[in-house]
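Spelled out, the chains give:
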Amino acid sequence: MTEQTRIAIVDDEQDMRQSISQWLALSGFRTETYGSGEEALKNLGSEYPGVVITDIRMPGMDGMTLLRRLLSQDSSLPVIMITGHGDVPMAVEAMQLGAYDFMEKPFNPDRLTELARRAAATRKLALDNRALRRELSDGSVLMRKLIGTSPPMERLREDILDLGQADGHVLIDGETGTGKTLVAHALHAVGPRAGRTFALLSCAALTESDLGTKLFGPTEDGLPLVEEARGGTLVLEDIEALPISQQARLLTFINDQGTPAETRIVAICNGSDPSKSCEQALRSDLYYRLAAMKLTLPPLRARGEDVLTLFTHFAEGYGEEYGAQPPQLAAQEAAQLLQAPWPGNVRQLMNLAERAVLQQRRGTGSIASLLMADTEEQAQTPQVTTEGKPLKEYVEAFERMLIDNTMRRHRGSIQSVMDELSLPRRTLNEKMAKYSLSRSNYL
């Protein structure tokens, strides 16, 4: 239960409202009371982050009517009904309508608390899932998740916006951990199919027969994915693992759609078979249909100081999650991050940022030790090395990151930044101009 957990208590009897409210407040809930169903409806919308407890028998709008009205606004809202003697049949009817549960007067306060806790957990899960679905359908949110100002990332965002408006199928490839599934979501969210179905399936996760059934049917429950995604986007991860027999069926499905395609297919090549490229693993006619438009995601080592931006972003997020201060990079550590080969790309950097925060909380370890541990773990796998860069580039990248972090921490206070970094005003202004840092972005 979090501080956001709220309980709305609806009862026309003031003493009953107050007693329930006091008990639940002592149990850690944030309570609010309403003397009628009409009053409650004015204040409880579809995004209400809590639970409703209402009496059944009330003058004016009774509890059953309130239940129907609340569930018509939001069918996932947990509503607990309080019943008097002889109202149990009515409570059973309420359960059939969608009430979360009911309690008969006089009730055990401890049972009410436990019921409220379970209902609150159910509500939180429903709202979290709703927020996730909304996020995955919001192109602007997804584009902001593609963090970085390096030229490869600028081009990638432009390509997503361009291809998102097109009808052709798309093939996404790139090294592991570069964010291919996120890009697939973004392609769907920024295009005309944004409000339609987004279906995703890993071709490497199922046996050949189960994969065929899941994709094309017949299924015992629900529609096969090609029907479920009709008019929307069908994302096939690990497309190189699609068996030959299913490749033929997929090609037939694509050809039967005609042009423009009713259902857009986004194929993701993850290189699950290192002995074959995606082009080698697929029959040529299918490959060229899927690769009508192609996106190759840049590896992290090619993204320059995006490494430092991403590290700071992830470290701040984990710092909030674990209640710890994110580590402040020294110049040597920043250079080590910039020079690391990052075979696991963004995913590897995210894991390293989390471990760095945990180390910071314990007061032990260093960025260098984490990078060395990663290197030892990957010693048995082929490594990709970065090309050397002039020292000046590392220094400038670290300098930009240091000013950016300090400005963010002091919320744009120029004087505080000058004091912490021991920089005169003119020098700070010149460096902010050089690195395209604007004070307005930190206010």
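Each value, and the rule that gives it
- Residues numbered from 1 in each chain as written.
- Predicted model: local features only at pLDDT ≥ 70, side-chain atom pairs only at ≥ 80, totals over all residues.
- Heavy atoms only, no water.
- Axes fitted to C-alpha atoms, helices over the stretch in contact; angles between N-to-C directions.
- Helix = DSSP H or I, 4+ residues; strand = E, 2+ residues; numbered from the N terminus.
- Parallel < 35°, antiparallel > 145°, perpendicular 65-115°, else oblique.
- Left-handed = near helix turned anticlockwise from the far one by under 90°.
- Contact = heavy atoms within 4.5 Å.
- Nonpolar A, V, L, I, M, F, W, Y, C, P; charged D, E, K, R; others polar.
- Buried < 20%, exposed > 50% of the residue type's maximum accessible area, 1.4 Å probe, protein only.
- Pairing = 2+ DSSP bridges.
- Salt bridge = Lys/Arg side-chain N within 4 Å of Asp/Glu carboxyl O.
- pLDDT = per-residue confidence, 0-100.
- Arc of directions from axis to C-beta.
- Phe/Tyr/Trp six-rings, centres within 6.5 Å; stacked < 30°, edge-to-face > 60°.

Chemist: Lay out the packing of helix α14 (residues 306–322) against helix α16 (residues 345–362) with the relevant residues and their values.
Modeler: It is the contact of α14 with α16, at a shortest axis distance of 8 Å, that shows an interaxial angle of 50°. One finds that α14 runs oblique with respect to α16. The element α14 and its partner α16 pack so that their crossing is right-handed. Contacts between α14 and α16 involve Val 307, Leu 310, Phe 311, Phe 314, Ala 315, Tyr 318, Gly 319 and Tyr 322 from the first element and Val 346, Leu 349, Met 350, Leu 352, Ala 353, Glu 354, Ala 356, Val 357, Leu 358 and Arg 361 from the second. Taken together, the residues of the contact of α14 with α16 sort by class into 15 nonpolar, one polar and two charged.

Chemist: Help me get a handle on the pairing of strand β1 (residues 6–10), residues and values and all.
Modeler: Here β1 lies mainly inside the structure; five of its five residues are buried. Side chains of β1 alternate between two faces, with Arg 6, Ala 8 and Val 10 and Ile 7 and Ile 9 buried alike. Of the strand pairs in this sheet, β1 and strand β2 (residues 30–34) are connected by five bridges, and their pairing is parallel. Across the sheet, the residue bridging to Ala 8 is Glu 32, located in β2. Here five bridges tie β1 to strand β3 (residues 50–55), and the two strands are oriented parallel to one another. Bridge pairing links Val 10 to Thr 54 in β3.

Chemist: Tell me about the pattern of salt bridges, and name the residues and values.
Modeler: A pair can form between side chains of opposite charge whenever their charged atoms are brought close. Here the structure, examined in full by the defined rule, presents 17 salt bridges. Here Asp 167 and Arg 193 are joined by a salt bridge, their closest N and O atoms 3.7 Å apart. A residue pair is termed long-range when its members are at least 10 positions apart, and Asp 167 in the loop between α7 (151–164) and β6 (170–173) and Arg 193 in the loop between α8 (180–189) and β7 (198–202) qualify at 26 residues. Sharing partners across several salt bridges, the network here consists of Glu 227, Arg 230 and Glu 262.

Chemist: Give me the sheet that holds strand β5 (residues 101–104): which residues, what numbers.
Modeler: Ordered in space as β2-β1-β3-β4-β5, the five strands form an open sheet in which the pairing is parallel. Lying at the two open borders of the sheet, with one neighbouring strand each, are β2 and β5. Taken pair by pair, the neighbouring strands of this sheet meet at an average axis angle of 20°, ignoring direction. Each of β1, β2, β3 and β4 (79–83) is contacted by helix α1 (residues 14–26), which is oriented at about 170° to β2, the strand it contacts most.

Chemist: So, the confidence of the model for the chain: which residues are in play, and what are the values?
Modeler: Of all residues in the chain, 91% have pLDDT values of 70 or greater, and the mean over the chain is 85. Between residues 379–388, whose pLDDT stays under 50, and residues either more than four places distant or in other chains, the model counts 11 contacts.

Chemist: Describe in detail the sheet that holds β6, supporting the description with residues and values.
Modeler: Taken together, five strands build an open sheet; the order of strands is β7-β8-β9-β6-β10 and the sheet is parallel. Looking at which strands have only one partner, the edges of the open sheet turn out to be β7 and β10 (293–296). Strand-to-strand, the axes of this sheet are offset by a mean angle of 15°, without reference to chain direction. In this structure, strand β8 (residues 233–237) lies alongside strand β9 (residues 264–268), joined through four bridges in parallel fashion.

Chemist: Report on helix α9 (residues 208–216), specifying residues and quantitative values.
Modeler: When α9 is considered as a whole, its buried residues turn out to be Leu 211, Gly 212, Leu 215 and Phe 216. Down the axis of α9, the smallest arc covering the buried residues is 100°, so these residues share one side. A positive phi of about 85° marks Gly 217, the residue just after α9.

Chemist: Which residues make up the packing of aromatic side chains, and what values do they have?
Modeler: Applying the stated rule across the entire model yields two aromatic pairs. With centroids separated by 5.2 Å and ring planes inclined at 80°, the aromatic side chains of Tyr 287 and Tyr 288 adopt a geometry described as edge-to-face. Residue classification places Tyr 288 among the exposed positions, given a relative accessible area of 51%. Centroid distance Tyr 318 to Tyr 322: 6.3 Å. Interplanar angle 25°. Geometry classified as stacked.

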